[in-house]
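Okay, here's what each chain looks like letter by letter:
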Amino acid sequence: MAKKSAAIRKLTQANKPDPDGRRQRSQASRAKIIAAFMELMEAGDPSPSAARVAKRAGVGLRSVFRHFDDMDSIYVEVDRLLGEQWRPVLNKPYKSTNWRDQLNELIKRRAEVNEDTAPYRLTTMFARFHSAQLMKNYERLMKIEADALNDILPKSVQKDKRRSRAILLATSFDSWRLFRHDQGLSNKRTIETMAQIVKDIVAHIDE
């Protein structure tokens, strides 16, 4: 990716001065390791090795394991950083009080987040089957997304499992990826397409 993610840009910003020089150097090394790990993932490496991370970060191999117990613990930190970056966007109050309009807001918010986080989700799509930590992260994310949708949908719609599952799919990362990446639509057209699918589904719902 030519444009670095918001999380990487934050990591690579100059650290605030710290009276303890050693602690500042340690924090800087840790940030470099995480940023290097994320950059390798953005480049398409779903499982960066410690050696590749160390080389890209410009630190010694021992430094990687001085800051992290294992490679999975770096995934945990990346997950935390991405959540810290984007949770406020996903959790802010909706402007509309109408659940149908709130679904459109949800689609737009997720599209914004997907633009920044897609490299990590795409590269770990299959790697999660070989990493307990990645699978745990994935399952937690699926629950968060389903819960966010249920917070919008009326109880009567939630009970209509066929339609509620159709809405879940229509608002999912996989649908966004299909239109945005596989079909090469702009993010705007992707949002419009997903919103149209949801509109067609809810049009058959009587309240």
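Each value, and the rule that gives it
Residues numbered from 1 in each chain as written. Predicted model: local features only at pLDDT ≥ 70, side-chain atom pairs only at ≥ 80, totals over all residues. Heavy atoms only, no water. Helix = DSSP H or I, 4+ residues; strand = E, 2+ residues; numbered from the N terminus. Contact = heavy atoms within 4.5 Å. Areas by Shrake-Rupley, 256 points an atom, 1.4 Å probe, with all protein chains shown as cover. Lys, Arg positive; Asp, Glu negative; His and termini not counted. Charge placed at Lys NZ, Arg CZ, Asp CG, Glu CD. Salt bridge = Lys/Arg side-chain N within 4 Å of Asp/Glu carboxyl O. Buried < 20%, exposed > 50% of the residue type's maximum accessible area, 1.4 Å probe, protein only. Arc of directions from axis to C-beta. pLDDT = per-residue confidence, 0-100.

### Section: the overall build of the protein
- Summing up its helical and strand segments, the protein has 11 helices and zero strands in all.
- What you see in the protein, going N to C, is helices and strands ordered as α-α-α-α-α-α-α-α-α-α-α.
- Taken over the C-alpha atoms alone, the protein extends approximately 65 × 35 × 30 Å along its principal axes.
- For the protein, the share of sequence-separated contacts (at least 6 apart) that also reach a separation of at least 24 residues comes to 61%.
- Summed over its atoms, the accessible surface of the protein is roughly 12400 Å², and 52% of this surface lies on carbon and sulfur atoms.
- Charge-centre separation for the protein: the mean point of 39 positive side chains lies 3 Å from the mean point of 27 negative side chains.

### Observations regarding the pattern of salt bridges
- This model, assessed by the stated rule, comprises 13 salt bridges.
- Across the pair Arg140 and Asp79 runs a salt bridge whose closest N-O atoms are separated by 2.0 Å. Note that Arg140 is positioned in helix 7 (residues 132–150) and Asp79 in helix 5 (residues 71–91), a separation of 61 residues in sequence.
- Judged by relative accessible area, Arg140 falls into the partly exposed class, the value being 38%.
- The class for Asp79 is partly exposed, based on a relative accessible area of 26%.
- Within this structure, Arg30, Glu77, Arg80 and Glu84 form a network of salt bridges that share partners.

### What about the environment of Leu40?
- Among the secondary structure elements, Leu40 is positioned in helix 2 (residues 21–42).
- Remark: the alpha-carbon pair of Leu40 and Arg56, spanning 16 residues in sequence, is separated by 8.3 Å.
- Leaving out residues up to four positions away in the same chain, Leu40 has contacts with Asp45, Pro48, Arg52, Val53 and Arg56.

### Considerations on helix 9 (residues 161–170)
- Those residues of helix 9 not exposed but buried are Ser164, Ile167 and Ala170. In an axial view of helix 9, the angular spread of the buried residues amounts to 120°, which keeps them on one side of the axis. Along helix 9, exposed side chains directed more than 90 degrees from the buried face belong to Arg162, Arg165 and Leu169.
- Buried residues in helix 9 make contact with helix 6 (99–123), helix 7, helix 8 (155–159), helix 10 (173–182) and helix 11 (187–202).

### Considerations on the confidence of the model for the protein
- Confidence in the prediction for the protein averages 88 pLDDT; 90% of positions are at 70 or higher.
- Mean pLDDT across the elements of the protein ranges from a minimum in helix 1 (residues 6–11), with 69, to a maximum in helix 11, with 97.

### So, helix 3 (residues 50–57)
- Along helix 3, the positions that sit buried rather than exposed are Ala50, Val53, Ala54 and Ala57. Buried positions in helix 3, seen along its axis, are confined to an arc of 100° and lie on one side of it.
- Looking at the residues trailing helix 3, positive phi occurs at Gly58, about 75°.

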